[in-house]
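# A structural walkthrough
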Amino acid sequence: MILIADCGSTKIDWCVIEGGKVLAQIFTTGINALLMPEDQIRETIAKELVPGIKDFKIDSVYYYGAGCLFEDICENVRRAIKANIPTAEVIEVHSDLLAAARALCGKEAGIACILGTGSNSCYYDGKEIVDNVSPLGYILGDEGSGAVLGKLLVGDVLKNQLPAELCEKFLKEYNLDRQQIIQNVYKKPAANRFLASLSPFLNKNINEPAVHALVLNAFKAFFVRNIANYKNYKEMPVCFVGSVAYYYKDVLVEAAEAIGAKVGTIIKSPMEGLVKYHSI
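Residues numbered from 1 in each chain as written. Predicted model: local features only at pLDDT ≥ 70, side-chain atom pairs only at ≥ 80, totals over all residues. Heavy atoms only, no water.

Turning to the packing of helix 6 (residues 146-158) against helix 9 (residues 191-198), a few remarks are in order. Running from N to C, helix 6 and helix 9 point in directions that differ by 75 degrees, and their axes come no closer than 7 Å. Compared by their axis directions, helix 6 and helix 9 come out roughly perpendicular. Contacts between helix 6 and helix 9 pair Gly146, Ala147, Gly150, Lys151, Leu153 and Val154 from the former with Asn192, Leu195, Ala196 and Leu198 from the latter. A class-by-class count of the residues in the contact of helix 6 with helix 9 yields 6 nonpolar, 3 polar and 1 charged. (Axes fitted to C-alpha atoms, helices over the stretch in contact; angles between N-to-C directions. Helix = DSSP H or I, 4+ residues; strand = E, 2+ residues; numbered from the N terminus. Parallel < 35°, antiparallel > 145°, perpendicular 65-115°, else oblique. Contact = heavy atoms within 4.5 Å. Nonpolar A, V, L, I, M, F, W, Y, C, P; charged D, E, K, R; others polar.)

Here it is as C-alpha cells:
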C-alpha cells in the first residue's frame with residue numbers, strides 16, 4: 001500500500017492507495033518542515049495520522065510538503081515518518097512544487113504552477129524540476145497569488161484608487177478600517193494569510209471594471225515575470241494548481257493570451273493527480 005501526503009502549512013491531506021484506489025483519506029494539522037523541528041513533526045504524525053492508518057500496512061510513503069527545500073530538512077521529515085511507519089521501505093520527501101508538477105503533467109514535460117496564497121512555477125521534464133523562477137515571497141514576488149491580490153486590493157482601497165462605493169463595501173464586509181489593516185499587515189504575524197483572506201472580495205466583484213483590471217494586471221505580471229522566463233513557454237500549455245487559479249480561471253486565461261501563452265489544466269488540489277501519478 002502507498003501513502004501520499006499533500007502537505008501545506010495549514011493542513012495535510014493523506015491518502016492511502018492500492019491498485020489506483022483510494023482506501024482512506026485523512027486530514028491532519030499542517031507542517032512547515034522549514035520551521036518545525038523534527039521531534040514536533042514526529043509527534044504530530046504520531047497523534048494525528050497513525051490512528052487513522054493503523055489498519056493498513058504501508059509499504060511506500062510519498063510526502064510533498066511546504067518547506068521541503070533542502071536535503072537536511074527532507075531528511076528530518078523522512079526520519080519522523082519512519083519512526084511512525086516502520087513498515088515503509090520507501091520514503092520519499094519532495095517539495096510542494098514537484099507535487100504540482102507531477103499532479104498536473106504526470107510523466108510528460110510541461111510548465112506547472114501553484115497559484116494559491118503564494119505562487120510558484122517550474123519547467124518539468126516529466127521526471128524532475130529542471131528550471132524554477134524563484135517566487136521571492138509576497139513582498140518581492142508571488143505575483144498573482146492570493147496574498148498579492150489582497151495587497152493590491154487594500155492598497156487601492158486605502159489610496160482611493162477604486163470607486164468610493166466599492167471601497168466602502170469592502171471595509172464594511174470585512175469589518176475593517178485603515179488602522180486595523182495597517183496593524184494586520186505590519187504588526188501581526190502571517191500578514192500573507194491575512195492579505196490572502198481578503199482576495200475573495202475581488203472574485204465576488206470581478207465584473208466591476210476596476211476589480212477586473214486589478215486582477216488581470218496581477219495575472220499578467222505573473223506570466224511576464226515568471227512564465228516568460230521559460231524556454232519555449234508559448235509552445236506548451238501552462239498548467240495550474242491552487243484555489244486562486246481555480247476560482248479566477250477566466251481572467252487567468254485572458255492574461256495568458258495577452259502574452260501569447262496558453263493555459264492548460266487547472267485543478268484546485270493536487271491529490272487527484274498525485275494518486276493517478278503513483279498508480280501508473
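And the narrative resumes.
As a further point, take the nonpolar core. Ile111, Phe170, Val215, Phe219, Phe223, Ile227 and Phe240 are the most contacted members of the largest nonpolar core, which has 46 residues in total. Broken down by element, this core gets its largest block of residues, 8 residues, from helix 11 (residues 209-225). In this structure valine 215 touches Leu149, Leu202, Ile206, Tyr248 and Val251, once residues within four positions along its chain are discounted. Judged by nonpolar contacts, the second largest core, of 28 residues, contains Leu49, Val77, Ile85 and Ala88. (Core = buried A, V, L, I, M, F, W, Y, C linked by side-chain atoms within 4.5 Å. Buried < 20%, exposed > 50% of the residue type's maximum accessible area, 1.4 Å probe, protein only.)

Another aspect to go through is the pairing of strand 5 (residues 90-95). One ladder, built from 6 bridges, connects strand 4 (residues 60-65) with strand 5; its direction is parallel. By the bridge assignment, tyrosine 64 is partnered in strand 5 with histidine 94. With helix 3 (residues 71-84) bridging strand 4 and its parallel neighbour strand 5, the resulting β-α-β unit is right-handed. (Pairing = 2+ DSSP bridges. Right-handed = clockwise from strand over helix to strand, strands pointing away.)

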